[in-house]
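Listed below, chain by chain, are the residues.
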Amino acid sequence: MALSSGNDSSSTPASATPSVNNTIVGGKRLARNAPGNKLDPGWKHAIEIPRTKKLKCKYCPKVISAGVFRVKHHLAGTSKDVEPCILVPEEVKIEMLNLLVGAKQGKPSQIQEEVVSGATATATTTTSSSNIFKRSRSFAPVTLNTLLKKNLREEACLDICIAIYNNGIPFNFVNSDDFKKMYDSIAKHGPGFKPPSYHECRVKYLKQKYDVTMAVVEKHKALWKKIECIIMTDGWTDKRRRSIINFCVHSSMGIVFLKSIDASHITKTADKIFQMIDEVVVEVGEENIVQVVTDNATNYKAAGALLIEKRKQIYWTPCAAHCIDLMLEDLEKKIPLHKDTIFKGKKLRLISIQEDLSFQYCTASPMAKI
């Protein structure tokens with residue numbers, strides 16, 4: 001411990017030394033962030049609300065109830081216990097970030113250690129060398145670059161979400177592998193990335209994706225010749241009574257969508273359905289097919305009978321899911337308890353669809369963007 005000389009009359013007690021971080025009001029020393037102390041630069045960017053302990057941001061309608069410290073985080077956009085200000089000027093944001101970083105690095109309990117590369121900074125606390133079993137604590141680095149990156153991420157995430165909302169894209173899109181691969185590729189490119197144009201989306205890259213898809217289909221076709229496959233049909237009708245029939249091929253490698261036929265103008269007789277299925281059999285190759293799966297409607301059953309009569313080595317099988325659906329319909333019609341339960345389920349489903357449509361309309365409507 002250093003000893004001061006008693007004869008040194010010029011020495012001043014530490015408590016009496018003026019500090020730029022403190023203000024003396026009425027004989028009492030106030031902390032830097034205290035209401036009576038206006039030395040903190042954050043006070044220039046906030047308005048005190050009379051008869052309250054709240055502050056209002058000068059750049060946005062946000063009212064903050066935790067003093068000037070949280071105002072600085074609000075202006076710096078760190079998202080620490082307060083929403084970031086989206087209207088603050090860039091120079092004010094940088095100033096607040098510098099203040100916060102300087103305050104964090106100025107704590108006496110932390111020792112800043114600059115790395116030679118200048119890319120990172122670490123903070124550690126010293127421990128007594130006499131106790132070698134006592135763990136030393138490490139503090140996460142707090143740098144200007146860290147806070148700037150966090151603020152940039154908030155802005156980027158907001159822009160991504162706005163694009164999703166305004167274009168009615170399902171929220172499950174962000175859980176897809178395609179979404180993660182997309183932003184990884186953008187991050188690898190770095191600043192200055194130029195997104196694809198409208199023409200590139202509908203011509204250049206669409207053709208590239210088509211070529212990649214067809215290359216995958218060719219691999220499946222090569223396997224069909226070695227290991228036989230299954231033809232599956234899926235027919236449905238939209239609200240406008242337009243009828244679509246999809247044809248898929250299943251093998252040990254997976255399912256491939258082969259083609260879709262607009263059957264709105266076609267009378268769904270057994271002969272017409274048999275003709276469409278037979279054309280697909282010829283396209284895939286009769287020798288490569290084990291069976292054809294369709295739904296269990298009367299016309300499809302008749303078409304299946306015509307198919308196995310012509311193609312002796314192919315089996316026709318009704319769709320198990322469609323059979324179960326028909327069974328549930330019979331239960332609804334004949335058992336009152338099931339009828340009430342299914343009605344309630346349909347009602348809940350209708351409410352959910354209406355809410356989704358309302359949300360998509362509100363986010364896509366020009367009035368919602370004003």
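See above for the structure.
Residues numbered from 1 in each chain as written. Predicted model: local features only at pLDDT ≥ 70, side-chain atom pairs only at ≥ 80, totals over all residues. Heavy atoms only, no water.

**Q** Please give an account of the packing of aromatic side chains that cites residues and values.
**A** On inspection of all chains with the given rule, the structure shows 3 aromatic pairs. Ring-pair connections join several aromatic residues into one group, and the members of that group are F173, F179 and Y183. (Phe/Tyr/Trp six-rings, centres within 6.5 Å; stacked < 30°, edge-to-face > 60°.)

**Q** I'd like a rundown of the pattern of salt bridges, residues and numbers included.
**A** Across all of its chains, the model carries 7 salt bridges by this definition. The salt bridge partner of R311 is E286, with a shortest N-O separation of 2.8 Å. Here E286 lies in the loop between α6 (270–284) and β12 (289–294) and R311 lies in the loop between α7 (298–310) and β13 (315–318), a separation of 25 residues in the sequence. E286 sits in the partly exposed class, given a relative accessible area of 24%. Among the ionic contacts, a cluster of salt bridges with common partners joins D278, E286, K310 and R311. (Salt bridge = Lys/Arg side-chain N within 4 Å of Asp/Glu carboxyl O. Helix = DSSP H or I, 4+ residues; strand = E, 2+ residues; numbered from the N terminus. Buried < 20%, exposed > 50% of the residue type's maximum accessible area, 1.4 Å probe, protein only.)

**Q** Can you break down the environment of S243 residue by residue, with the values?
**A** Within the fold, S243 resides in strand β10 (residues 243–251). For S243, a relative accessible area of 5% translates into the label buried. When the C-alpha atoms of S243 and S264 are compared, they prove to be 4.7 Å apart, with 21 residues separating the residues in sequence. Leave out the neighbours within four places in its chain, and S243 touches W236, T237, I261, D262, A263, S264 and K268. (Contact = heavy atoms within 4.5 Å.)

**Q** Please set out the nonpolar core residue by residue, giving values where relevant.
**A** In terms of nonpolar packing, the biggest core is built from 24 residues, with I231, F247, V284, I289 and V292 touching the most fellow members. Listed by contribution, the elements that provide at least two residues to this core are α5 (198–226), β9 (229–237), β10, β11 (254–262), α6, β12 and α7. The element best represented in this core is α6, accounting for 7 residues. The contacts of F247, once residues within four sequence positions are left out, are I231, M232, T233, V256, F257, L258, K259, I261, M276, I277 and V280. By size, the runner-up hydrophobic cluster in this structure holds 17 residues, among which are C60, I64, V68 and M96. (Core = buried A, V, L, I, M, F, W, Y, C linked by side-chain atoms within 4.5 Å.)

**Q** Let's hear about the sheet that holds β13: which residues, and what values?
**A** With mixed pairing, 5 strands are arranged side by side in an open sheet as β11-β10-β9-β12-β13. Each edge of the open sheet is held by one strand with a lone partner, namely β11 and β13. This sheet shows a mean twist of 25 degrees between the axes of neighbouring strands, independent of strand direction. In this structure, β10 lies alongside β11, joined through 8 bridges in antiparallel fashion. Opposite N246, over in β11, you have S260 as the bridge partner. (Pairing = 2+ DSSP bridges. Axes fitted to C-alpha atoms, helices over the stretch in contact; angles between N-to-C directions.)

Scope: geometric values only; no functional claims are made or implied.
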